Amino acid sequence: MEFLDLPPMLGAAGTVRLPGSKSISNRVLLLAALAEGETDIRDLLSSDDVDRMLDALRALGVPWRREGDSLNYRVTGVGGPFPVKSADLFLGNAGTAMRPLTAALAVLGGAYTLRGVPRMHERPIGDLVDALRALGCRIDYSGQPGYPPLTIGTPALQLDRPIPVRGDVSSQFLTALLMALPLAADQAPAGGIVIEVQGELISKPYIDITLKLLARFGVAVQREGWQRFTIARGSRYRSPGQIHVEADASSASYFIAASALSTGANDQNGLKIEGVGLDSIQGDIRFVDAARQMGADITGEPGALRVRPGRWPLQAIDLDCNHIPDAAMTLAVMALYADGPSTLRNIASWRVKETDRLAAMACELRKLGASVDEGLDFLRITPIAPGGWRAAAIATYDDHRMAMCASLAAFNPGGLPVRIQDPRCVAKTFPDYFETLFGIAQPRANVPVICIDGPTASGKGTLAGAVAARLGWHYLDSGALYRLTGLAARQQGVALDAAHEPRLAELARTLPLRFADGRVWLDGQDVSEAIRAEQAGMDASRVSALPAVRTALLDLQRAAARLPGLVADGRDMGTVIFPTAPLKIFLTAGVQERAERRHRQLQARGVSVTLEGLCADLQERDARDQARATAPLKPAPDALPLDNSRLSIEQSVEQVLAWWQARQPF
Ligand code: DC
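Read on for an overview of the structure. (Residues numbered from 1 in each chain as written. Predicted model: local features only at pLDDT ≥ 70, side-chain atom pairs only at ≥ 80, totals over all residues. Heavy atoms only, no water.)

What follows covers the packing of helix H20 (residues 591–604) against helix H21 (residues 611–627). Between H20 and H21, the shortest axis-to-axis distance is 9 Å and the interhelical angle comes to 120°. What the angle tells us is that H20 and H21 run oblique. In this structure, H20 crosses over H21, and the sense of that crossing is right-handed. Along the contact surface, H20 presents Val-591, Gln-592, Arg-594, Ala-595, Glu-596, Arg-598, His-599 and Leu-602, while H21 presents Leu-611, Leu-614, Cys-615, Leu-618, Gln-619, Arg-621 and Asp-622. Broken down by class, the residue content of the contact of H20 with H21 amounts to seven nonpolar, three polar and five charged. (Axes fitted to C-alpha atoms, helices over the stretch in contact; angles between N-to-C directions. Helix = DSSP H or I, 4+ residues; strand = E, 2+ residues; numbered from the N terminus. Parallel < 35°, antiparallel > 145°, perpendicular 65-115°, else oblique. Left-handed = near helix turned anticlockwise from the far one by under 90°. Contact = heavy atoms within 4.5 Å. Nonpolar A, V, L, I, M, F, W, Y, C, P; charged D, E, K, R; others polar.)

Shown next, in the form of structure tokens:
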């Protein structure tokens, strides 16, 4: 999917359950791997960055397994050095894997290479490498000095003097040292291993997470202010047995914002965000204070937050965001909806994240119509006047947070859609972000629908499915509903004629359906193949001629129009079911051509039929579908004809997408 278009949204209400915290997940995995004993990890985040850590641990000889399809993992700690002493590790763009693994492997020693995607090779690591070299580690740059890839050798550790580390570029360097040095605690001098932070330590709350997790794994670090940290001689990692990963507080920020931006939702219960409460150990939970300052109404519940829309418009803020570097990005978008200019200060660390977030945010907010001052370490954002919003295609820079932030522009009062480029980059920390958002968001107007109607075997289903996949939309195969009704009737011995119309309509209204993974179940039975049989098509054509059956299936079909959009194929999508749909296509192909396609399909499935027989069947079904009194097969007045006799599937898909694009404001 190249892009995802978000229709304008009005508000958010209901309940969401958020995935686990990335910072906690990757720290816990590494600690569990290094500890003595087995650790049961509950609710681990499932995402690219965590997969990179899991892959690396497996490559290093750490046994772990996932319990079924759950988010629970069992890691068998190695209680010392990794069993595999030489490995080439690919860590993608996962800073939370690169930094701590570099430190741990450098302290333990071996012959390792650590690399990542090109952006990872632009993210600085020199301060960590300097600190590790100062204590005797052997690390070389195999590319540009100061950046990954790195090669690691065997150290000659000198732990008798304080280890200096810079704290003002990324707190992950200190985290990495704190996690690695207990591995050398048996070689420590009597006073322990001392780390001294040089310069002002940024993102202190992340250090707090590290210290809390070290304590859970049996290592108590002594802290003097945020300058000096001491690891006692003889410290050892021991598994806590079981550990639960809180939901990601940074991810919660998008939902807090969505609810705070709700102008139409009159649901008094607001939005409940499950998995993280006000007592979270994650620093980004302090985003709550900032959002409250802007006017959000947030209350804490056990392991959850509840957000109701509060003040409107939001109140402008001027805030030092050093303590919430990731979640502060969300404030930048909220600032578009404020009553005056907002300033986010002390955010220089944004420049060395997944992308240069300061420059990226300034550039993308301007596309929406905002005026933005970009300083070296601050952003000043002037809100957009209600009439000043522009429909924009937002670039995301392979940065999950840029994509999630951009989605909040869809709540704009101008009722404009927002295009998000490369939306799948959210997989870094929140693969189902958009699905989760759509689950609680209220569209401002009708969800967009593309209707593709046409005769039997014209290739509607293939075309509609492909268009839906390209747009990231839902797909409705309305013919399947008539096929299912026919099948249900046959199974229950109900004749498919007008005399049994009320009974057939009742069957259609109460079809015990379940759709999942591209398959369909009728009353617990997988009927995906059964409904594709020729007989089922004929039966469908017969039941579909009965007006009461058609009425019975109306609500089910209309309910398929869910965010972010629907591609629906059938006979009357454009005429009856979605008469106001913004794009309607009437697909045709000669009967001979269609019969040949169907013939090839059936032969591939091992069904033997004659071409002549198929041709006759198609003509009979066309005639019945066109002649019936209710919703006969015919183009809607505003449908665009598409004869695909001479087009490949890809060409037809491109044509429909081009028609759709021509209707977009981007
Ligand atoms: O598209 P299909 O072959 O799966 O459809 C099976 C039958 O269902 C078709 O002969 C006509 C009927 N149908 C309909 O009447 N209205 C629709 N929207 C879809 C299908």
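This is not the end of the story, as more comes after the structure.
Turning next to the state of the cysteines. This structure, assessed with the given rule, holds zero disulfides. Just so you know, Cys-425 is unpaired, no disulfide at all, and the nearest cysteine sulfur is the one on Cys-405, 11 Å from it. Assessed through its relative accessible area of 8%, Cys-425 is described here as buried. (Disulfide = S-S within 2.5 Å. Buried < 20%, exposed > 50% of the residue type's maximum accessible area, 1.4 Å probe, protein only.)

The strand order S1-S24-S23 describes an open sheet built from three strands, whose pairing is mixed. Looking along the sheet, the strands with just one partner apiece sit at the ends: strand S1 (3–6) and strand S23 (393–394). Here S1 runs beside strand S24 (residues 418–421); their pairing, made up of four bridges, is antiparallel. Bridge pairing in S24 links Phe-3 to Gln-421. (Pairing = 2+ DSSP bridges.)

Let us look at the sheet that holds strand S21 (residues 371–374). In a beta sheet, neighbouring strands pair by backbone hydrogen bonds and run either parallel or antiparallel. With respect to topology, four strands assemble into an open sheet ordered S19-S20-S22-S21, the strand pairing being mixed. This sheet does not close on itself; its edge strands, each paired only once, are strand S19 (318–320) and S21. For this sheet, the mean inter-axis angle between neighbouring strands, taken without regard to orientation, is 10°. Relative to strand S20 (residues 342–345), S19 runs parallel, the two sharing three bridges. What sits directly across from Asp-318, in S20, is Thr-343. Packed on one face of the sheet, helix H10 (residues 357–368) meets S21 and strand S22 (379–382) and runs near 165° to S21.

Tallied over the full model, the rule gives ten aromatic pairs. Centre to centre, the rings of Tyr-254 and Tyr-433 are 5.8 Å apart; their planes meet at 75°, and the pair counts as edge-to-face. In this pair, Tyr-254 sits in helix H7 (residues 249–260) while Tyr-433 sits in helix H12 (residues 433–440), placing the two residues 179 residues apart along the sequence. The burial state of Tyr-254 is the same as that of Tyr-433; both residues are buried. Plain terms: the ring middles of Phe-430 and Tyr-433 are 5.4 Å apart, the flat faces sit at 75° to each other, and that makes the pair edge-to-face. Both residues of the pair, Phe-430 and Tyr-433, count as buried. (Phe/Tyr/Trp six-rings, centres within 6.5 Å; stacked < 30°, edge-to-face > 60°.)

In terms of nonpolar packing, the biggest core is built from 84 residues, with Phe-255, Ile-273, Leu-331, Leu-336, Trp-350, Met-361 and Leu-365 touching the most fellow members. Top element by residues in this core is H7. It accounts for eight residues. Judged by nonpolar contacts, the second largest core, of 81 residues, contains Ala-32, Ala-176, Met-179 and Val-219. (Core = buried A, V, L, I, M, F, W, Y, C linked by side-chain atoms within 4.5 Å.)

With helix H9 (residues 328–334) bridging S19 and its parallel neighbour S20, the resulting β-α-β unit is right-handed. Bridge analysis of S20 against S22 gives three bridges, and the strand direction is antiparallel. Opposite Thr-343, over in S22, you have Arg-380 as the bridge partner. (Right-handed = clockwise from strand over helix to strand, strands pointing away.)

Next up on the list: the site of the ligand. Near the ligand, the surroundings consist of 16 residues, among which Ser-478, Arg-483, Arg-550, Asp-572 and Arg-628 are the closest. Residue Arg-483 places a side-chain N or O atom 2.6 Å away from an oxygen atom belonging to the ligand. Between Asp-625 and the ligand, the recorded distance is 3.2 Å, taken from a side-chain N or O atom to an oxygen atom. Its free accessible area being 440 Å², the ligand has 98% of it covered by the protein chains. (Near = heavy atom within 4 Å. Polar contact = N/O pair within 3.5 Å; in protein donor to acceptor, adjacent residues only side chain to side chain. Areas by Shrake-Rupley, 256 points an atom, 1.4 Å probe, with all protein chains shown as cover.)

With that out of the way, let us pick up the pattern of salt bridges. As enumerated under the stated definition, the model contains 47 salt bridges in all. With a closest N to O distance of 3.5 Å, Lys-353 and Asp-326 form a salt bridge. Residue Lys-353 is found in the loop between S20 and H10, and its partner Asp-326 is found in the loop between S19 and H9; the two are separated by 27 residues along the sequence. Residue Lys-353 shares its accessibility class with Asp-326, and that shared class is buried. The closest approach of N and O atoms between Arg-519 and Glu-529, which form a salt bridge, is 3.1 Å. Taken together, the residues Arg-519 in strand S29 (residues 519–522) and Glu-529 in the loop between strand S30 (525–526) and helix H16 (534–543) connect sequence positions ten residues apart. (Salt bridge = Lys/Arg side-chain N within 4 Å of Asp/Glu carboxyl O.)

Turning next to H7. Taking 1.5 Å per residue, twelve residues should reach 16 Å; H7 reaches 16 Å between its end C-alpha atoms and fits that length. Taking burial as the measure, the twelve residues of H7 include twelve buried ones, the bulk of the element. Two to three positions downstream of the cap, the backbone nitrogen of Ser-250 sits 2.9 Å from a side-chain oxygen, assigning the N-cap of H7 to Asp-248. (Expected span 1.5 Å × (residues − 1).)

Turning to the packing of helix H14 (residues 478–491) against helix H15 (residues 501–509), a few remarks are in order. Each packed pair of helices is defined by two parameters, the angle between the axes and the distance between the axes. Between H14 and H15, whose axes approach to 9 Å, the crossing angle comes to 120°. Judged by the twist between their axes, the crossing of H14 over H15 is right-handed. Here H14 contributes Thr-485, Ala-488 and Ala-489 to the contact with H15, which in turn contributes Leu-504, Leu-507 and Ala-508. Of the residues assigned to the contact of H14 with H15, the class counts are five nonpolar, one polar and no charged.

What follows deals with the environment of Glu-274. Examined against the element boundaries, Glu-274 turns out to sit in strand S16 (residues 271–274). Measuring from C-alpha to C-alpha, the distance between Glu-274 and Arg-17 comes to 4.7 Å, with 257 residues separating the pair along the chain. At 3.5 Å, the side chain of Glu-274 and the side chain of Arg-17 are in polar contact.

Moving on, we get to the side chain of Arg-306. Residue placement: Arg-306 occurs in strand S18 (residues 304–308). At 2.7 Å, the side chain of Arg-306 and the side chain of Glu-301 are in polar contact.

Turning next to the environment of Glu-364. Examined against the element boundaries, Glu-364 turns out to sit in helix H10. C-alpha separation for the pair Glu-364 and Ala-395, spaced 31 residues apart in sequence, amounts to 6.9 Å. In this structure, Glu-364 is in contact with Ala-393, Ile-394, Ala-395, Tyr-397 and Met-402, ignoring residues within four places of it in sequence.

The subject of this paragraph is unusual backbone geometry. In this structure, Pro-149 follows Pro-148 across a cis peptide bond, with omega equal to 0°. Structurally, Pro-149 can be placed in the loop between strand S9 (139–141) and strand S10 (150–152). In this chain, Leu-563 is followed by Pro-564 through a cis amide linkage whose omega measures 5°. Within the element layout of this structure, Pro-564 appears in the loop between helix H18 (554–558) and strand S31 (566–570). For Asp-422, which is not glycine, the phi torsion reads 45° and is therefore positive. Relative to the elements of secondary structure, Asp-422 occurs in the loop between S24 and H12. Residue classification places Asp-422 among the partly exposed residues on the basis of a relative accessible area of 33%.

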